[in-house]
Structures are given as structure tokens and as C-alpha cells.
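Listed here are the chains, written in short residue letters.
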Amino acid sequence: MQALAALVHVFTALGAVCALFATDAIFSNDAQQVFIWLAIALVIDGIDGTFARAVDVKGRLPRFSGERLDLVVDYVTYVFVPVLALVHWKYLEGVTGAILAAGILLSSLFHFSDEDSKTDNNCFVGFPAIWNIVAFYVFALNPSPGLALSVIALLIALTFVPMPWVHPLRVVALRPLTMAVTVIAAIAGIATLANGFPAPDLWQGVLIAVAAYYSVLAAVWWWRGQ
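Residues numbered from 1 in each chain as written. Predicted model: local features only at pLDDT ≥ 70, side-chain atom pairs only at ≥ 80, totals over all residues. Heavy atoms only, no water.

*Asks:* What am I meant to see in the environment of A39 here?
*Replies:* As for its position among the elements, A39 is in helix α2 (residues 31-54). Each C-alpha atom of the pair A39 and F112 lies 20 Å from the other, and the pair is 73 residues apart in sequence. (Helix = DSSP H or I, 4+ residues; strand = E, 2+ residues; numbered from the N terminus.)

*Asks:* Just to check I follow, could you spell out the nonpolar core for this structure?
*Replies:* With 54 residues, the main nonpolar core has V34, F35, V79, L86, I104, W131 and I152 as its most contacted residues. When contributions to this core are tallied by element, the ones reaching two or more residues are α1 (2-27), α2, α4 (66-88), α5 (94-113), α6 (131-141), α7 (145-158), α8 (175-195) and α9 (201-223). For I152, the contacting residues outside a window of four places in its chain are L86, L92, L100, I104 and W131. In terms of nonpolar packing, the next biggest core, distinct from the first, is built from 5 residues, A5, V8, V55 and L61 among them. (Core = buried A, V, L, I, M, F, W, Y, C linked by side-chain atoms within 4.5 Å. Buried < 20%, exposed > 50% of the residue type's maximum accessible area, 1.4 Å probe, protein only. Contact = heavy atoms within 4.5 Å.)

*Asks:* What's the story with unusual backbone geometry in this structure? I'm lost.
*Replies:* Most peptide bonds are trans, and most residues other than glycine sit at a negative phi. Look at the link from F197 to P198: it is a cis peptide, with omega at -10°. Along the chain, the position of P198 falls in the loop between α8 and α9.

Next comes the structure, spelled out in C-alpha cells:
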């Protein structure tokens, strides 16, 4: 069983390999491939915990921390590679772009290091550094430079605002609705990657609605003190 536990760690670490291929796609100017590899990394991150609990990784390999490994891989795939893509395709350029790129990297380090980054009901406290999703939205919606920079600046600031952002798989409250919205978002994302950037108007509308759902939910729960 130790071998199975080790394989789970290897499975988690494959996210770093996805980051490498995504980076290569950036320098090959292939935006679709970038986000395909980041999507694969996202799937790995979404299911590796289930495997880890099934084979009791922590108990069988106590010397190796799956949580640390996960954080390292997540920072690369959720933060660094997406920022690199935004810089490479000049969504973040000039002095303002450099400042915002640095802000993403630094604010995300704060979030990843915060011992109180989750509530008791598994919500993220503050914007949860999902810059892979943000970057995908920028490519899919292709907003004006001013709007893109404004939204990115706002999300950096929201990292430090204790709003409860729902985890789509772990938060019990409204789980059926949230899961349905997440599935719809996944369909929109797959359709966008299949058609290329920017997304067709239909999928842009779906993606905006999904973002509105998560944002309004975070704002309402924060206002209600939940």
C-alpha cells in the first residue's frame, strides 16, 4: 500500500509537468494549449485528494507532506503560469502591468501562506488566488485593456478582504446549485477551448453568469456574516 500512496504523490506532482507543457505552449504562442494543460492540472488537483484519502497517504507515508506538495504545484499552475500568459500576450504590459503582475504573485503568496485561509465550512477567506480561471476569462472574454486591468486590480485587493468564497466541491450549503453551476462552467470552458479564443457570445454569457453567481454568493454571505 505504500507504493499506492507514493503513486498518489506522483499523480499530484504531474500538475508540475502540466505547468511545464503550458509554459512551452506560451512560448509557442498557442493560448489554447496553455489552458488545456492548465485544465488538466486543475482536474488533477480536484481528484488527487480523493485518492489520497482512499489509500491513507498521510498514514502510510508520514514523512512526505501531500499538502506541501499540493501547495507548490498549485502556486505554479494557479498563479505563476497564468500570470506569465497574461504578460506574454500583453494583457499585463508596461509599468501598470508589471505592478499588477507582481501584485498577483505577492498576494497569492499571502493567501497560500495564510493559516486561516479557509473557514470552518470550507469557504476560502478572501479571493482564493484562482488566477488560472481569471486568465482564462481574460482570454475568453477579451475585454478592453482598461477593464482587464481594473478587474485584476480589484481581485488582488479582494485577496485581503475576508469574503467567504465558496469551494465548489467542499461547501455543503447550496451544494447542488453550486455543483450545477460548476458543471455548466466546465461545459462552457470546454466549448471555448474547442472553438478558440475569444469565446463565442453564448459561452461568454454563460461564463459571465457563472462568475456573477460566485461573486454575489461571496458578497451575500459576507454581508450576512457567514
